[in-house]
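Next come the chains, spelled out residue by residue.
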There are 2 protein chains.
Amino acid sequence: MRKRFTLKEYREGVLSGDRTKLSQAITLAESALESDFALASDLVQEVLPFTGKSIRIGITGVPGVGKSTFIEAFGQMLVEQGKSVAVLAVDPSSQKSKGSILGDKTRMEKLAGNPRAFIRPSPTGTTLGGVTSKTREAMLLCEAAGFDVILIETVGVGQSETAVKSMVDFFLLLMLAGAGDELQGIKKGIMEMADGLVIHKAEGENIASAKKAKTAYKNALHLFPLGENNWSSPVMTASSLTKEGLTEIWEMILKYSGQMHESGFWSSNRASQRLAWLEENLQFLLGKLFLEHKQVQEMLSQNRTKVETGELSPLSLARDLINTFFNPKKI
Amino acid sequence: MRKRFTLKEYREGVLSGDRTKLSQAITLAESALESDFALASDLVQEVLPFTGKSIRIGITGVPGVGKSTFIEAFGQMLVEQGKSVAVLAVDPSSQKSKGSILGDKTRMEKLAGNPRAFIRPSPTGTTLGGVTSKTREAMLLCEAAGFDVILIETVGVGQSETAVKSMVDFFLLLMLAGAGDELQGIKKGIMEMADGLVIHKAEGENIASAKKAKTAYKNALHLFPLGENNWSSPVMTASSLTKEGLTEIWEMILKYSGQMHESGFWSSNRASQRLAWLEENLQFLLGKLFLEHKQVQEMLSQNRTKVETGELSPLSLARDLINTFFNPKKI
């Protein structure tokens with residue numbers, strides 16, 4: 001049995017920056033138990049006044065691009081500058097492949113050992129909705145614990161990056177030089193989502209091709225529309241091996257932060273993220289209650305394929321499901 | 001009072017291709033009345049076996065790019081080839097500006113007068129969820145009425161294009177030459193969503209800059225990842241004035257259709273669109289019931305700003321709202 005603490009114990013532990021209590025608080029927030037949910041949401045509410053001061057950075061890229069190596073090197077550079085850094089991961093697929101939790105830990109050995117760093121592997125939730133909602137809470141708890149920078153890692157191949165984009169201030173895409181096969185793995189739409197692109201592994205004989213790729217992407221992105229923040233996403237090169245380019249990336253993020261604070265986008269973006277989070281939570285909770293309804297479940301499993309094949313109208317099934325949910329027939 | 005018909009009358013009217021009955025059936029589907037909803041969903045279910053045979057094309061681009069002119073010219077080319085064409089519009093903003101309904105009608109005068117064409121202005125629904133769901137139904141009704149090609153027009157500046165993308169087979173983006181200010185209006189993310197890009201108004205002294213833009217976008221898109229359909233979105237130039245390039249666009253769409261039928265993407269895409277439609281309907285209906293709940297409404301309006309400013313945790317409010325919805329306190 002996992003030990004629970006009182007709301008006060010969690011709150012004071014988190015606010016004092018106690019790593020063990022922070023970990024336990026995140027575990028509480030990640031719990032699927034009804035009773036834990038109430039306590040976790042009270043905890044988040046109580047620490048809320050102490051959140052919001054960090055820079056939240058999402059980092060994405062296909063497997064093999066070197067996300068963990070990058071986070072290790074980038075995080076170390078930040079702690080050497082006196083910053084404290086929390087690393088979270090959103091990877092709904094890690095439940096399938098397992099291993100990635102251990103993998104992360106070993107790959108980020110140096111950073112993990114630093115007293116100013118905190119590394120939290122992927123939560124064990126099963127749905128994307130659950131995982132991302134829990135990551136937001138984990139992020140707030142880390143902020144309340146006093147971390148200056150939150151790095152949220154996600155694999156750029158599924159749907160998690162849209163979720164991560166919706167909870168961070170800056171979204172960084174790591175890529176490899178050569179616009180060939182490596183690209184196939186990236187999900188369409190991610191490039192336009194990124195606030196900054198980094199051609200990673202720009203070291204040794206890769207440097208030339210990385211620089212070439214940088215120019216090509218720079219020209220290409222120039223043709224694409226700017227978002228409402230009016231920010232033109234820079235393209236940079238970096239190596240986590242030689243540490244080349246890491247300072248420049250941090251400076252770019254600071255420049256972004258400065259511009260967005262000035263324009264007001266920083267806070268307006270966070271305000272809409274909070275509303276989106278409310279909507280997400282409502283949809284998740286409503287959907288959960290809905291799908292846990294036994295008769296709804298049965299009706300859905302019996303008719304799902306009929307909708308897919310076009311035999312049954314989604315509209316008709318939706319109507320029947322809703323009627324069943326609110327007016328269940330007595331058996 | 002609008003006249004209602006029986007299910008049988010609607011069904012037979014639509015299936016026989018009766019324009020008036022088709023219009024009335026779409027009006028029924030667009031109705032916000034509870035009683036109409038039941039009849040409409042029965043109607044959609046009954047005509048379902050006669051749907052799915054058309055090519056569904058979404059057309060987007062910022063105001064001023066010439067969408068209506070393009071649809072008029074493109075649609076006329078299709079009817080001259082013996083095809084029948086239905087034009088639908090998704091534009092949630094048109095309720096605000098009004099006028100666009102009349103505007104569409106006058107701008108598409110020639111096409112509207114053709115016996116093989118059918119033009120339906122934006123529905124008068126108020127929410128995006130409502131509008132898009134209704135557009136799907138209108139699309140199916142048009143298919144059941146025997147139309148070969150469905151053109152769905154949307155303004156590429158809001159959120160409607162994601163919705164339209166999720167209901168069509170092919171998504172076409174119209175642009176203007178010159179990667180400068182025109183671009184600012186397009187929503188970020190749309191370029192990567194498009195299955196084909198057309199530099200419109202490539203006529204007269206615009207031809208040279210249109211060709212230049214074409215090359216630039218072609219090179220840029222080459223750097224972007226392919227979607228799961230493995231289709232590399234072509235960039236073309238066209239003029240609705242001189243009709244130059246219109247045949248080529250149609251040929252490109254036919255080529256896409258051929259490749260996607262062969263790879264199986266055409267049907268797998270439609271299958272996931274149907275499931276997405278089910279989910280959309282469920283979310284819409286659940287959300288509607290939820291937001292119509294008086295105590296939920298009150299709690300939401302009292303606390304919405306607190307969530308936006310970060311005073312109240314979205315998680316806490318979501319929990320309270322859900323509890324209120326399912327266990328309303330007696331007044």
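A quick note: this is a predicted structure, and the numbers were derived from the prediction, not measured.

About the thresholds
- Residues numbered from 1 in each chain as written.
- Chains lettered and ligands numbered in written order.
- Predicted model: local features only at pLDDT ≥ 70, side-chain atom pairs only at ≥ 80, totals over all residues.
- Heavy atoms only, no water.
- Core = buried A, V, L, I, M, F, W, Y, C linked by side-chain atoms within 4.5 Å.
- Buried < 20%, exposed > 50% of the residue type's maximum accessible area, 1.4 Å probe, protein only.
- Contact = heavy atoms within 4.5 Å.
- Axes fitted to C-alpha atoms, helices over the stretch in contact; angles between N-to-C directions.
- Helix = DSSP H or I, 4+ residues; strand = E, 2+ residues; numbered from the N terminus.
- Parallel < 35°, antiparallel > 145°, perpendicular 65-115°, else oblique.
- Left-handed = near helix turned anticlockwise from the far one by under 90°.
- Nonpolar A, V, L, I, M, F, W, Y, C, P; charged D, E, K, R; others polar.
- Phe/Tyr/Trp six-rings, centres within 6.5 Å; stacked < 30°, edge-to-face > 60°.
- Lys NZ or Arg CZ within 6 Å of the ring centre and 35° of its normal.

Caption draft 1: Main features of the nonpolar core. In this structure, Ile57, Phe74 and Ile249 of chain A together with Ile57, Phe74 and Ile249 of chain B are the most contacted members of the largest nonpolar core, which totals 168 residues. What Ile57 of chain B contacts, discounting residues up to four positions off in sequence, is Phe74, Val149, Ile150, Leu151, Ile152, Val168, Phe170, Trp250 and Ile253 of chain B.

Caption draft 2: Focus on the packing of helix H14 (residues 265–292) of chain A against helix H16 (residues 314–326) of chain B. Remark: H14 of chain A packs on H16 of chain B, axes separated minimally by 9 Å, with the N-to-C direction vectors making an angle of 40 degrees. Regarding the angle of H14 of chain A to H16 of chain B, the classification is oblique. In the crossing of H14 of chain A with H16 of chain B, the sense of the turn from one axis to the other is right-handed. Within the contact between the two elements, H14 of chain A uses Arg274, Trp277, Leu278, Asn281, Leu282, Leu285, Leu286 and Leu289 of chain A and H16 of chain B uses Pro314, Leu315, Leu317, Ala318, Arg319, Leu321, Ile322, Phe325 and Phe326 of chain B. Among the residues forming the contact of H14 of chain A with H16 of chain B, the class breakdown is 14 nonpolar, 1 polar and 2 charged.

Caption draft 3: Representation of unusual backbone geometry. Residue and element names in this part refer to chain A. You will see that Lys201, though not glycine, has its phi angle at about 60 degrees, which is positive. Phi at Asn230 takes a positive value of approximately 65 degrees, unusual for a residue other than glycine. With respect to the helices and strands, the residue Asn230 is situated in the loop between helix H12 (207–222) and strand E7 (235–237).

Caption draft 4: Looking closely at the packing of aromatic side chains. Across all of its chains, the model carries 19 aromatic pairs over all chains by this definition. Pairing Phe5 of chain A with Tyr10 of chain A gives two aromatic rings, centres 5.5 Å apart and planes at 85 degrees, and the pair type is edge-to-face. Take Phe5 of chain A and Tyr10 of chain A: they sit in the same class, and that class is buried. For the ring pair Phe170 of chain B and Tyr256 of chain B, a centre distance of 5.0 Å and an interplane angle of 85 degrees mean the geometry is edge-to-face. Within this pair, whereas Phe170 of chain B is found in strand E5 (residues 170–175), its partner Tyr256 of chain B is found in helix H13 (residues 246–263), the two being separated by 86 residues in sequence. Each member of the pair, Phe170 of chain B as well as Tyr256 of chain B, carries the same accessibility label: buried. Site record: aromatic cluster; members linked through ring pairs are Phe290, Phe325 and Phe326 of chain A together with Phe290, Phe325 and Phe326 of chain B. The cationic tip of Lys21 of chain A hangs over the ring face of Phe5 of chain A; the distance from NZ or CZ to the ring centre is 4.3 Å.

Caption draft 5: Up close: the packing of helix H14 (residues 265–292) of chain B against helix H15 (residues 294–309) of chain B. Residues and elements named next belong to chain B. Relative to each other, H14 and H15 sit at 80 degrees, their axes nearing to 5 Å. One finds that H14 runs roughly perpendicular with respect to H15. Together, Phe290, Leu291 and Glu292 of H14 and Lys294, Val296, Gln297 and Leu300 of H15 make up the contact between the two elements. Partitioning the contact of H14 with H15 into residue classes produces 4 nonpolar, 1 polar and 2 charged.

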